[in-house]
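Commentary on secondary and tertiary structure
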Amino acid sequence: MDAQGRGRADDIDPADQWVRNPNTGEYELRLGTSAPQSGVPSPRRPRPSEAAPPARGRRGEGGRTEPAGRAQTPGRSRPETPGRAVPPQRRRRGAPEEPLPGRRGRRPAKKASKSKKVLLWTGGAMAFVLVAGAGAGYFYIEHLNDNIASVSDDGASTGGFSKDKAINILLIGTDKRTGKGNANYGDAGSVGHADTTILLHVSKDRSNATALSIPRDLITDIPDCPTTQADGTQKIIPGTQQVRFNTSLGQDGRTPSCTMRTVTELTGVKPDNFMVADFNAVKTLTSAVGGVEVCVGKDLDDPDSHLKLSKGMHTIEGEQALAFVRTRHAVGFGGDLSRIGLQQQFLSALMRKLKSNDTLTSPSKMLDLAEAGTKALTVDSQLDSIGKLKDLGLELGKLNTKNLTFTTVPVIDNPAEKVKATVVLNESTAPQVFDMIRNDVSFTAVKEQKKKEAAAVAARLKGTKAPASDVRVRILNGGAVAGSAQETLSWLQNEEGVTKSENAGNAPAPLAKTTLEYAPDQADQARRLADLMGLSGSAMKPGESVTNDQGLPAMTLTLGKDFEGAGVPLTAPTKAPEGVQKSTADKVECAK
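A brief report on the enclosed structure follows. (Residues numbered from 1 in each chain as written. Predicted model: local features only at pLDDT ≥ 70, side-chain atom pairs only at ≥ 80, totals over all residues. Heavy atoms only, no water.)

Counting 51 residues, the largest nonpolar core has Leu-200, Met-275, Val-292, Phe-324, Phe-346 and Leu-404 as its most contacted members. Looking at which element gives the most residues to this core, the answer is helix α7 (residues 336-355), with seven residues. Of all hydrophobic cores here, the second largest spans 27 residues; its members include Ala-194, Met-260, Leu-425 and Phe-443. (Core = buried A, V, L, I, M, F, W, Y, C linked by side-chain atoms within 4.5 Å. Buried < 20%, exposed > 50% of the residue type's maximum accessible area, 1.4 Å probe, protein only. Helix = DSSP H or I, 4+ residues; strand = E, 2+ residues; numbered from the N terminus.)

Take a look at the structure:
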């Protein structure tokens, strides 16, 4: 009797039915066909490895082909070649594994660690809610590709994420009331605005991530948006000034690519991909994992969202989960910003559930999650297959949830309104938040990364500084705005006293960030120039000097794409500004 025939054998772990195929490198589900157990023994079925396709013969030992459907004669054993093309099911820890023929007595192969198995099983199921739903299904059958809807990015993205770079994914939840039971929620005729928008930034080294929520009622400018029409032609949808952010989607026929352009204009971060989900995504994903546990700090009763929960812990799914993320009148100040905090709490809870053994060791939940995730998604044309979602999931799956920070674009009430309904950027803190994401700076204290940066700053910035009049430097434009090298030269000579500087024209190749290269004996000059220009230790590159127009050794300052003007400090912020609210995905927060 096989493990599946009994539902669960004593020594078989259902999670271990995910088996790695060494020929493809992918993990595959090995499930035999089960039937109700009969009281009368029936002839033994062939093992999966012995079963033959119905319309073809099976290749036997030595190249002999046997008729299709023939089972091995009872009582006779077929010699097996040591080793297996696809490994069998692994047994529970503590149960002895039967050794392979010809390999008895050898030390059994070392088992992968639990955390490693989790990563391999899920392919990044822990990445981020919708990504997790799709990434977890990469080992599932090819028909999942048919579940995925895609629309053009219209050139608004970077062209898709890269494995060797930081990743920026734009996650959009629409308020479109399509789908079973959703017409009863509020505006049944909504065109589908960007009701919930999160810019998910994952660091280049995958050690940390930031999920930046963008308020739907934020007043901003929406740019002109080239948009692919149903017939394949392109139409430019005119931009609008000083309107709600949520109208970047749906309004006037705008597609997610227009929301992507709006985010780029707002934050300076160009997303790699986008993913869009409607109301059904929350309902189906939570049901697929058996509900998520949330904390409520007080009794909640919101007739508008149909949410009614008593104080304490609750497991919610389906319609109740949707009511939870939609409520706003019952929490905080009763507005959209309060609801954003609730949604971040919910997403953290869903991620913890996705990471739990209860989900990862349940093949049925993983398959349900794959189905739900792929059906709930609309993705950009660069991310339109299980294979691409798998690759993204594997990258995002490297992230530890304790280093995923949820935060919100800093805003203040719109001063132009008497009755406060919208918000505007908080100009004192929002630019710093955007700058941290652009410069791949973590909102959490990733200890190892912090130590490396501190060491670099201490080694390169600490020490004596030469007088400005002794600093010799050649200035190159390596991607900054045209004229930046001359502007910097004038500023250094006329305002900072660096008279031994010269404009050396354009750099051989563009750079993302400004650098200062210097020889060891020029370190004191480098520290002075770094102090004047606000350069970080990481921007200082110990190397070689060059010869200036007077034939003397000089340093090389290359202005990168991050250069914003003469006198503007280039030091990236190392922590979030004071007052910016944030939470991490590993901690339970209670709605109040």
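This is not the end of the story, as more comes after the structure.
We now examine the state of the cysteines. In total, this model carries one disulfide according to the counting rule given. Covalent S-S linkage joins Cys-225 and Cys-258, the inter-sulfur distance amounting to 2.0 Å. Handedness of the Cys-225-Cys-258 disulfide follows from its S-S torsion of about 65°: it is right-handed. One end of the pair, Cys-225, is in strand β10 (residues 225-228); the other, Cys-258, is in helix α4 (residues 256-267), with 33 residues separating them in the sequence. Given the relative accessible area of 0%, Cys-225 is considered buried. Taking the relative accessible area as the measure of exposure, Cys-258 reaches 0% and is therefore buried. (Disulfide = S-S within 2.5 Å.)

Looking now at the side chain of Thr-259. Considering the arrangement of structural elements, one finds Thr-259 in helix α4. Its relative accessible area of 0% is what places Thr-259 among the buried residues. Apart from residues no more than four positions distant in its own chain, Thr-259 is found in contact with Leu-170, Ile-172, Ala-194, Phe-245, Ser-248 and Leu-249. (Contact = heavy atoms within 4.5 Å.)

With respect to the helices and strands, Pro-542 occurs in strand β25 (residues 540-542). For Pro-542, a relative accessible area of 54% gives the class exposed. For the pair Pro-542 and Glu-517, spaced 25 residues apart in sequence, the C-alpha to C-alpha distance is 5.7 Å. Excluding its chain neighbours within four sequence positions, the residues that come into contact with Pro-542 are Arg-460 and Tyr-518.

Of all five residues making up strand β13 (residues 273-277), five are buried, and the element is well covered by its neighbours. Of the two faces of β13, the one lined by Asn-273, Met-275 and Ala-277 and the one lined by Phe-274 and Val-276 are each fully buried. As judged from the five bridges shared by strand β6 (residues 167-174) and β13, these two strands associate in the parallel manner. Each residue of the ladder has a partner; that of Gly-173, found in β13, is Ala-277. Bridge analysis of β13 against strand β18 (residues 377-380) gives three bridges, and the strand direction is antiparallel. In the sheet register, Met-275 faces β18, and the bridge partner there is Val-379. (Pairing = 2+ DSSP bridges.)

It is worth spelling out unusual backbone geometry at this point. For His-306, which is not glycine, the phi dihedral falls at a positive 70°. By relative accessible area, His-306 is classed as exposed at 54%. The residue Asp-440 is not glycine, and still its phi comes out positive at about 60°. Along the chain, Asp-440 falls in the loop between α11 (430-438) and α12 (447-461).

Counting buried positions over the seven residues of strand β27 (residues 553-559) gives six, a clear majority of the element. Two strands pair when backbone bridges link them, and strand β22 (residues 472-477) and β27 are joined in this way by five bridges, in the parallel orientation. Bridged to Leu-476 within β27 is Thr-558. With three bridges joining them, strand β24 (residues 515-518) and β27 adopt antiparallel strand pairing. Bridging across to β27, Glu-517 finds its partner in Thr-556. Where strand β26 (residues 546-547) meets β27, two bridges bridge the pair, whose relative direction is antiparallel. Each residue of the ladder has a partner; that of Val-546, found in β27, is Ala-554.

If you walk through the whole model with that rule in mind, you get one cavity of 30 Å³ or more. Elements represented by at least two residues in the lining of the largest cavity include exactly β7 (194-202), β8 (209-214) and α7. When residues in the lining of the largest cavity are grouped by element, the largest group, five residues, is from α7. (1 Å grid on protein atoms, 1.4 Å probe; cavity = no way out; pocket = protein on both sides within 12 Å on 5 of 7 lines; lining within 4 Å. Points joined across faces, edges and corners; volume = space filled by probe spheres on them.)

This part takes up helix α5 (residues 279-288). Structural remark: α-helix, 3.6 residues per turn; residues separated by three or four positions point the same way. Most of α5 sits out of view: seven of its ten residues are buried. Among the residues of α5, those classed as buried are Phe-279, Ala-281, Val-282, Lys-283, Leu-285, Thr-286 and Ala-288. Measuring from the side-chain oxygen of the N-cap residue of α5 to the backbone nitrogen of Asn-280 gives 3.0 Å; that N-cap residue is Asp-278. (Polar contact = N/O pair within 3.5 Å; in protein donor to acceptor, adjacent residues only side chain to side chain.)

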